[in-house]
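# Reading the structure
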Amino acid sequence: MSGRYVIHLPVTAPDLARATMLGRTAGRALAFLAHVEPGGITVSAEDNQGVRHWVFCDRRLDGGRRCVLRADHETPCTPRLPR
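What counts and how
Residues numbered from 1 in each chain as written. Predicted model: local features only at pLDDT ≥ 70, side-chain atom pairs only at ≥ 80, totals over all residues. Heavy atoms only, no water. Helix = DSSP H or I, 4+ residues; strand = E, 2+ residues; numbered from the N terminus. Expected span 1.5 Å × (residues − 1). Buried < 20%, exposed > 50% of the residue type's maximum accessible area, 1.4 Å probe, protein only. Arc of directions from axis to C-beta. Contact = heavy atoms within 4.5 Å. Polar contact = N/O pair within 3.5 Å; in protein donor to acceptor, adjacent residues only side chain to side chain. Pairing = 2+ DSSP bridges.

Turning to helix α1 (residues 16-30), a few remarks are in order. Every α-helix carries 3.6 residues per turn, so stepping three or four residues along brings you back to the same face. A rise of 1.5 Å per residue sets the reference length of α1, with its 15 residues, at 21 Å; its end C-alpha atoms lie 21 Å apart and thus fit the reference within 8%. Residues of α1 that are buried include every one of Ala-19, Thr-20, Gly-23, Arg-24 and Gly-27, and no others. Down the axis of α1, the buried set is contained in an arc of 135 degrees. They therefore lie on one face. Its buried side turned inward, α1 meets β1 (42-45). By the N-cap criterion, in which a side-chain oxygen at the helix start approaches the backbone nitrogen of a residue two or three places on, α1 is capped by Asp-15, the distance to Ala-17 being 3.3 Å.

Right, here's the structure in full:
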């Protein structure tokens, strides 16, 4: 058996845009927990769960941090949210 397990928590949204927004919100809200990996958050249609859409960019940046912006952002990557 693997030493890691993944929690699948179904949360519904009316469309892809709102699903990704909810995924980003949940990821940022739980990012303080050491075992939460926001960069791995994906969303999918309920009846087509094999096709997943990334929520965060998650590119590695200098210093080992990861980009925290949405998956298809057009601005430069950043390790922190702009204020």
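Its identity as a non-glycine residue notwithstanding, Asp-58 has a phi of 65 degrees, on the positive side. With respect to the helices and strands, Asp-58 occurs in the segment after β2 (48-54).

What follows deals with the pairing of β1. Here four bridges tie β1 to β2, and the two strands are oriented antiparallel to one another. The partner of Val-43 across the bridge, within β2, is His-53. Counting the residues in the hairpin turn of β1 and β2 gives two residues.

Tracing the sequence through the fold places Glu-37 in the loop between α1 and β1. Judged by its relative accessible area of 46%, Glu-37 is partly exposed. Here Arg-4 takes part through its side chain, which lies 2.9 Å from a polar atom of the side chain of Glu-37.

Before going further, it helps to spend a moment on the side chain of His-73. If you trace the backbone, His-73 turns up in the segment after β2. Since its relative accessible area comes to 12%, His-73 is described here as buried. At 2.7 Å, the side chain of His-73 forms a polar contact with the backbone oxygen of Thr-75. Setting aside residues no more than four positions away along its own chain, His-73 makes contact with Cys-57, Arg-59 and Cys-67.

Worth remembering: the numbers are spatial, not functional.
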